[in-house]
Amino acid sequence: MAGLLNRLYTGTGAFDIVGRRRTWYISFAVLVLVCVGSIVFRGFNLGIDFTGGTQIQFPATTAAAPADVEAVRAVYERSVGFEPEAVQSAGAGASASILIRSETLDAGQLVPLRQALFDTFQPIGANGVPSLESISDSAVSGSWGGQITRQALIALGVFLVLVTIFLALYFERSMALAALVALLHDVVVTAGIYSIVGLEVSPSTVIGLLTILGFSLYDTVVVFDKVKENTRGLLGLTRRTYGEAANLALNQTLIRSINTSLFAVLPVVALMVIGVGVLGVGMLADLALVQMVGIIAGALSSLLLATPILVDLKMRDPRFQQQAQKVAARRAKAAGAVAASAGGAAPDTDDPDLTDDTVLAGELRKERAMAAAGGVPARHARGGQPRAARPSGKSGRPSGKRNR
């Protein structure tokens, strides 16, 4: 366990994430297929904000029996003949109330239901005495949920377009494509899990789905920025291939991604425990659940999907294929030199590629120094002519005396 934690914190490339990308591809493909199949064949458990219905609300402070969720549900079922869509407690203290959501009820169902609720619980109204008028009812139109969904889809489309443009300009097109695939994976998996579990989809769920996109993109950008740093000037080197440099970047940002995801999940868990368990606000449960699923899916896709896809896209470039062949040739020569040294033969030390990484780093520093020196422009005088060379020797030194 200590060795595992040490490898996580040092980030030395001990975890071959990119090398096992076929395993990740198969796993993610199976997960996406299951989620898409559930979305297509099972569908979503849409709330009354999308389907329309009736909402009944009354104060939780009563003069008769306590108005807990199970008791209210039993009175509703006994009066109407079927179960409500949802019964939840909202608020705390004197402002606590009971909220009932059901399919559309007509007047013949609504009047006896209100009377049954009043006879059983006798909720206390604003004047401090039990009142039938404290039990309010309202019709919920499904068009409002449709408008929310339509606006959310428009926002999602605009977000994806802007993200693609930003990544293509800041990084490159292959990174933008890989990040977009990971982002779509997060949306599909989060929606699919909601469909599989059967959780009710509310406008809070749609809003929560949009909030997780930024987190997923942030984690991917952090990894890609390190990949960009590790692969700068890679085509002129023979130390690592693009896949190995990207895998090193993943290892170097692995513990940061894990810590970021962990500390992002903790407030969501607190939101569920406090908001649902203590305050009894069901809308917070919808928001917290979609965020938790999205954060976990986003962290996994940023680490195990986005960078492997990027490596496959980059390795289609002939330049990186040739560079990988040079790396393999260097390592084959180095292995041959080690074998020759073990056999007693003198290795060929003229080729710096046969030496270890320390000498290779020295050669790299020399190349950079020569390139920097060659890139320094010649110094010119103010008139545009080259500045004359300073004479050497004692006569060329300033004496402090003015020539006459």
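Bear in mind the structure is a predicted one, so any value in this text is a computation, not a measurement. (Residues numbered from 1 in each chain as written. Predicted model: local features only at pLDDT ≥ 70, side-chain atom pairs only at ≥ 80, totals over all residues. Heavy atoms only, no water.)

Among the nonpolar cores identified, the biggest contains 31 residues, and Leu167, Met175, Phe224, Val227, Tyr242 and Leu310 are the most heavily contacted of them. Listing elements by their share of this core, those giving two or more residues are helix H2 (21-42), helix H6 (142-170), helix H7 (173-197), helix H8 (203-230), helix H9 (242-278) and helix H10 (282-314). In terms of residue count, H10 provides more of this core than any other element does, seven residues in total. Leave out the neighbours within four places in its chain, and Leu167 touches Glu172, Met175, Ala176, Ala179, Leu217 and Val221. (Core = buried A, V, L, I, M, F, W, Y, C linked by side-chain atoms within 4.5 Å. Buried < 20%, exposed > 50% of the residue type's maximum accessible area, 1.4 Å probe, protein only. Helix = DSSP H or I, 4+ residues; strand = E, 2+ residues; numbered from the N terminus. Contact = heavy atoms within 4.5 Å.)

Further remarks concern the packing of aromatic side chains. Scanning all chains against the criterion turns up six aromatic pairs. Residues Phe171 and Phe224 carry aromatic rings whose centres are separated by 6.3 Å and whose planes lie at 85° to one another, so their mutual orientation is edge-to-face. Here Phe224 lies in helix H8 and Phe171 lies in the loop between H6 and H7, a separation of 53 residues in the sequence. Each member of the pair Phe171 and Phe224 is classed as buried. Here the aromatic residues Phe166, Tyr170, Phe171 and Phe224 are joined through ring pairs into a cluster of three or more. Looking at Lys228, its charged tip hangs above the ring of Tyr170, at a distance of 4.9 Å from the centre. (Phe/Tyr/Trp six-rings, centres within 6.5 Å; stacked < 30°, edge-to-face > 60°. Lys NZ or Arg CZ within 6 Å of the ring centre and 35° of its normal.)

Within the secondary structure layout, Asn230 lies in helix H8. For the pair Asn230 and Tyr242, spaced twelve residues apart in sequence, the C-alpha separation works out to 8.9 Å. Beyond its immediate stretch of four places on either side in the chain, Asn230 contacts Ala245, Leu248, Ala249 and Gln252.

Let's shift gears to the side chain of Ser195. The topology assignment puts Ser195 in helix H7. Residue Ser195 is classed as buried on the basis of its relative accessible area of 1%. If sequence neighbours within four positions are ignored, Ser195 has contacts with Ser38, Ile39, Arg42, Gly43 and Phe44.

Below, the discussion takes up the confidence of the model for the protein chain. Detail in the predicted coordinates should be disregarded across regions flagged by low pLDDT. When the pLDDT values of the protein chain are averaged, the result is 77; 76% of them are 70 or greater. Within the protein chain, the element-level pLDDT minimum falls on helix H12 (residues 357-374), averaging 52, and the maximum on H2, averaging 93. Between residues 378-386, whose pLDDT stays under 50, and residues either more than four places distant or in other chains, the model counts seven contacts. (pLDDT = per-residue confidence, 0-100.)

The next subject is the packing of H7 against H8. At a minimum axis separation of 10 Å, H7 and H8 run at an interaxial angle of 145°. When the axes of H7 and H8 are compared, the crossing they make is right-handed. Across the interface between the two elements, Met175, Ala178, Ala179, Leu183, Asp186, Val187, Thr190 and Tyr194 from H7 touch Thr205, Leu209, Ile212, Leu213, Ser216, Leu217, Thr220, Phe224, Val227 and Lys228 from H8. (Axes fitted to C-alpha atoms, helices over the stretch in contact; angles between N-to-C directions. Left-handed = near helix turned anticlockwise from the far one by under 90°.)

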